[in-house]
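Per-entry structural report
Below, each chain spelled out in residue letters.
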Amino acid sequence: MLLILASKSPRRAQILEQLGIEFRIEPSDCDENIHDIPIEDIPRELAKRKAFDVAAKLKDSYVLGSDTLVFCENEALGKPKSSEEAVEMLKKLRNRSHKVISGVALYRNEECLFAGESQTEVRFRNYSDSEILNYIRTMEYADKAGAYGAQGKGARFIESINGCFYNVMGLPIAATLEAINKME
């Protein structure tokens, strides 16, 4: 049985490849605006929406959806819309801990076979404004929740990680394998 990944994230694809899981990519184009639930539930809800959206189009396929957000002081930090917003996010995260929450969902047709999440605490070191600007120039911040990539040059900001590193990349291993184990 082939898994469908409802995401165009190269990091999620890389993690599935690393796990030796056969899959193909069918990105979701579902509406990602959610305002009526607690913010920490948003990643799991978006994962469900993405998987459902693609599963409804691909009958009898197993579809994996995922979404990741960074939370700092009860504020969700998604993907920055500009380099200025990325700078502000990195200043906000400097010298403090934040939570990375990823939701994972598996659907087949209109049935949710699994919906879960993973939380990881990340502590950033006390870095300078010039380090932020040097990082921004790399453009690595683009398309990354919280404006950094732990697996790339953004690792320079990290002091410690408590939890699943792959969750910080965007696809937690334990929750993903738990979902995949629901495939018949």
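This write-up is about the structure you can find in this document.

Cut-offs and rules
Counting from 1, residues in each chain are numbered in the order their sequence is written. For a predicted model such as this one, the threshold for reporting local features is a pLDDT of at least 70, and the threshold for listing and counting side-chain atom pairs is 80 or more; totals across whole chains, interfaces and linings nevertheless cover every residue. Side-chain metrics in this entry use all non-hydrogen atoms of the structure; hydrogen atoms and water are not considered. Secondary structure follows DSSP: runs of H or I at least 4 residues long count as helices, runs of E at least 2 residues long count as strands, and numbering of each begins at the N terminus. With C-alpha atoms as the basis for the radius of gyration, the globule rule is written as 2.2 Å multiplied by the number of residues raised to the power 0.38. Accessibility here uses a 1.4 Å probe with only protein chains present; expressed as a share of the type maximum, an area under 20% marks a residue as buried, one over 50% as exposed, and anything in between as partly exposed. Note on areas: these come from Shrake-Rupley sampling with a 1.4 Å probe, and a residue is covered only by the protein chains present in the view. Under the convention used here, Asp and Glu are negative, Lys and Arg are positive, and both His and the chain ends fall outside the count. We put the charge of a Lys on NZ, of an Arg on CZ, of an Asp on CG and of a Glu on CD. Any two strands with at least two DSSP bridges between them are considered paired. In this description, a nonpolar core means a group of buried Ala, Val, Leu, Ile, Met, Phe, Trp, Tyr and Cys residues linked to one another through side-chain atoms lying within 4.5 Å. The arc in question is traced by the directions running from the helix axis to the C-beta atoms. Pairs of residues are marked as contacts when any of their non-hydrogen atoms sit within 4.5 Å.

Regarding its fold elements, the protein chain presents 6 helices and 7 strands. Start at the N end of the protein chain and walk to the C end: the helices and strands fall as β-α-β-α-β-β-α-β-β-α-β-α-α. A compact globule built from 184 residues would reach a C-alpha radius of gyration of about 16 Å, and the protein chain, at 16 Å, matches this within 12%. Principal axes of the C-alpha set define a box for the protein chain whose edges measure 50 × 35 × 25 Å. The buried share of the protein chain, reckoned over its 184 residues, is 47%. Per element, the accessible surface of the protein chain, about 9000 Å² overall, is 44% carbon and sulfur. Averaging the coordinates of the 25 positive side-chain charges in the protein chain and doing the same for the 29 negative ones gives two points 4 Å apart.

The element strand β3 (residues 62-72) is largely enclosed, with a buried count of 11 among its 11 residues. Along β3, one buried face is formed by Y62, L64, S66, T68, V70 and C72 and the opposite face, lined by V63, G65, D67, L69 and F71, is buried too. With 3 bridges joining them, strand β1 (residues 3-5) and β3 adopt parallel strand pairing. Bridged to L5 within β3 is L64. Bridge count for β3 against strand β5 (residues 97-108) is 10 bridges, and the pairing is antiparallel. Looking across to β5, one finds that V63 is bridged to Y107. In this sheet, strand β4 (residues 75-77) lies alongside β3 in antiparallel orientation, the contact comprising 3 bridges. Bridge pairing in β4 places C72 opposite E75. The antiparallel pairing of β3 with β4 creates a hairpin that spans 2 residues between the two strands, and E73 there sits at a positive phi of about 50°.

Turning our attention to the nonpolar core. Soluble globular proteins tend to pack their nonpolar side chains together in the buried interior. Among the nonpolar cores identified, the biggest contains 23 residues, and L90, L93, F124 and Y148 are the most heavily contacted of them. It is helix α3 (residues 83-93) that contributes the most residues to this core, 5 residues altogether. Among the nonpolar cores identified, the runner-up in size contains 19 residues, and I21, Y62, I173 and I180 belong to it.

Turning to helix α6 (residues 173-180), a few remarks are in order. Residues lying three or four places apart along an α-helix face the same way, a consequence of the helix completing one turn every 3.6 residues. Taken residue by residue, α6 has I173, A175, T176, A179 and I180 as its buried positions. The buried residues of α6 occupy an angular sector of 165° when projected down its axis, which confines them to one face. Contacts from the buried residues of α6 go to β1, α1 (10-18), β3, β5, β6 (111-124) and α5 (165-169).

Before going further, it helps to spend a moment on the side chain of S61. Along the polypeptide, S61 turns up in the loop between α2 (42-57) and β3. In this structure S61 comes out as buried when scored by relative accessible area, which is 16%. Ignoring any residue separated from it by four or fewer positions in sequence, one finds S61 in contact with I4, Y107, R108 and N109.

The backbone of N95 sits at a positive phi, close to 60°, despite the residue not being glycine. Mapped onto the elements, N95 comes out in the loop between α3 and β5. Its relative accessible area of 39% is what places N95 among the partly exposed residues. A positive phi angle, near 55°, is found at N109, a position not held by glycine.

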